[in-house]
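# Descriptive analysis of the structure
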Amino acid sequence: MTEDRGAPHAIVTSALTRQFNGVTALDNVSFQVDTGSIFGFLGPNGAGKTTTIKLLLGFIKPSSGRSAIFGRDTWHDGVAARKSIGFLVPADSFYPEMSGRSQLDFAASLSQSPALRRRELLDVLELSDRDLDRKLGKYSKGMKQKLALTAAAQHDPPLLILDEPTDGLDPVVQRNFEDYLRDIHHQGRTIFMSSHDLAEVERICQAVAIVREGKLVALEQMNELQQRRLRQVTFTVAEGSVPDFQLIGGVNSVWRDGDRWLLSVEGNINPLIEVLSGLQIDDLTISPPSLDDIFMTFYRPEGTDIGLIRDARRRQYSAGG
Amino acid sequence: MQVVAVLLIWQFRRSLTGLVALLLGIFLFELIQPVAIASVGDLDRLQGILDLVPPSFLALLNVTPEFLGGAGLAGYLSLGFSHPVYHLLAGATVIWFACRGLAGEVERGSIQIALSRAVSRRSVYFSRLIGVVIVGAVVAVIGPLGMIVGIAIGEPAGSIRMEYLFIQGIASALLLWAIGGAGLLISASASRMGQAIGWSIGLLVVSYVIDYFADLWGALEPIKPFSLFDYYDPPAAMTRGEITGESVLVMGTVALVGALSGLVVFSRRDLP
């Protein structure tokens, strides 16, 4: 029996939970990754990203719940599940005493499928044949990352699982690799990637999951998420009294420095614009929203309204003022 | 099976330098035994020297002066296979190989290269197990080979039946497979290579010390059967071509139980 690569979901996790010595590292996490999509998996260190990936690869056993890749349970039927995977092994895991080429050959032998995309990847990542003949111990961090990416994707797997894929790559190669991911995505491959580079995730991914302290706090299509972006609005009130901005819908933080104001607004910004239109305003700036802001929204400490966002904005505002 | 072969060949490729160095050490150590004996002169002079050696030192070699006096060249040469340096070199080779392949790869993360693909943990483990069996066999053979070369070079007085060197090779292989089985079990459960090697060498030393002190102090005699070295008898192999059925059974069982337990542990454990 082979895995169902035509399944609607490349990855499914159902109430996936993992505890280590009584500490819950991953708590009841459920999400689905559509076949043929690019899915971003975000969270700070210790949030549960790596634990999730290890569960998907069958490196660790779930305490409860399950995960499946193309319909195959990743723990009980792990070998079949992993037939469809190309996983980005940490670059330092490769063997320093062996040449890059021999390690790619070794990886291809284990994949039991020809390295159809090796040449293409080497070109995209700007790794030369001469580089491949050198021992890995002489590679820079970026070169090791390029080799690891090639080893992960050279056999053209239906699903790529990439943990911090562009870590250590220079910006040009990073963009080349993003283009490569888009190309293979258009050819029907599924990409599951975790990254600290939110801008990169924003550029590439169609859907995003955010984990915090082992729990899934957001699971949305990128365009839906972007509609809930946090905007930063700064302005100076020339004269006259001002209303209590905190009462305006969508405003979730307010900071004032003399006549200058800094507001964070989530979602629809129109109610604030309406209020501001009745005031004498100078220097109105609405910052371009980013995924970074959304990310911060999910990471502000529980029990506070403003928390990290206000602190971050205050620092930014003070520096700007 | 193809994957197991790929993993096995890769393991040997990346361990080649270390293995060659250790094997060369064992080969040379055994080579110098007959050369050293020849340099003393006839066996009576050698016996005279050994008579001066305190019994506690001879216990390290697991022999008595009386035995050596009656055993001739084969008896003296058997010391080369019961010497602590031989145990250290041979044991370290097998333990290093067993611990490098599992605990070492878990520590470095290299194990993920295989296990993130359609490769089962069982396949990875079997490749390591076959590797340990091969390394144990090669280490067991390289010692007698070195001794044969040493005999040809040194031409010591006395005679030895070459087929008994083959029997000694089997005795060494049994001991090393037992050590390798235990080493694999420890390696399968450890997450750091140093930790695995430390525990394995520690067990080997404890086993040796039990055997040593049991020879010196009668009070420790009851625990001697718990030492692997109680079932390893180079003088018997070299002078009589003998390995007891009990030795085969005990060392074979330790090797098998260690290897199978390692498989169970490795199949179920978390990979950090």
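Please refer to the structure higher up on the page.
The structure presented is a predicted model; accordingly, all values stated were derived computationally and were not measured.

When you go through chain A residue by residue, the secondary structure sums to 12 helices and 14 strands. Pairs at least 24 residues apart make up 70% of the contacts formed inside chain A by residues separated by at least 6 positions.

Attention now goes to the environment of S189(B). Residue and element names in this part refer to chain B. Relative to the elements of secondary structure, S189 occurs in helix α8 (residues 162–189). For the pair S189 and D270, spaced 81 residues apart in sequence, the C-alpha separation works out to 9.4 Å. If we skip the residues at most four places from it in the chain, S189 touches V265 and R269.

All names here are of chain A. Pairing is mixed in the open sheet, where 6 strands are placed in the order β6-β7-β8-β3-β9-β10. On the outer flanks of this sheet lie β6 (85–87) and β10 (215–221), each paired with one strand and no other. Strand after strand, the sheet turns through a mean of 15° between neighbouring axes, direction not considered. Bridge count between strand β3 (residues 38–42) and strand β8 (residues 190–194): 4 bridges; the pairing is parallel. Residue pairing for β8: F39 is matched across the bridge by F192.

With that out of the way, let us pick up the interface of chain B and chain A. Chain B puts 18 residues into the contact, and the matching count from chain A is 23 residues. Residue assignment for the side of chain B that touches chain A shows that the elements contributing at least two residues are α1 (2–40) and α6 (111–115) of chain B. For the side of chain B that touches chain A, the residue count by class is 9 nonpolar, 5 polar and 4 charged.

Let us now look at the nonpolar core. By size, the foremost hydrophobic cluster in this structure holds 147 residues, and its most contacted members are A152(A), I161(A), F192(A), V94(B) and A178(B). In terms of residues, this core owes the most to one element, α8(B), which gives 15 residues. Setting aside chain neighbours within four positions, we find A152(A) in contact with G86(A), F87(A), L88(A), V89(A), L160(A) and L162(A). Grouped together as the second largest cluster of nonpolar side chains are 8 residues, L230(A), W261(A), L272(A) and L276(A) included.

Reading guide: rules and limits
- Residues numbered from 1 in each chain as written.
- Chains lettered and ligands numbered in written order.
- Predicted model: local features only at pLDDT ≥ 70, side-chain atom pairs only at ≥ 80, totals over all residues.
- Helix = DSSP H or I, 4+ residues; strand = E, 2+ residues; numbered from the N terminus.
- Contact = placed C-beta atoms within 7 Å.
- Pairing = 2+ DSSP bridges.
- Axes fitted to C-alpha atoms, helices over the stretch in contact; angles between N-to-C directions.
- Nonpolar A, V, L, I, M, F, W, Y, C, P; charged D, E, K, R; others polar.
- Core = buried A, V, L, I, M, F, W, Y, C linked by C-beta atoms within 7 Å.
- Buried ≥ 20, exposed ≤ 12 C-beta atoms within 10 Å, placed from the backbone.

The values reported here are purely geometric and, on their own, carry no functional implication.
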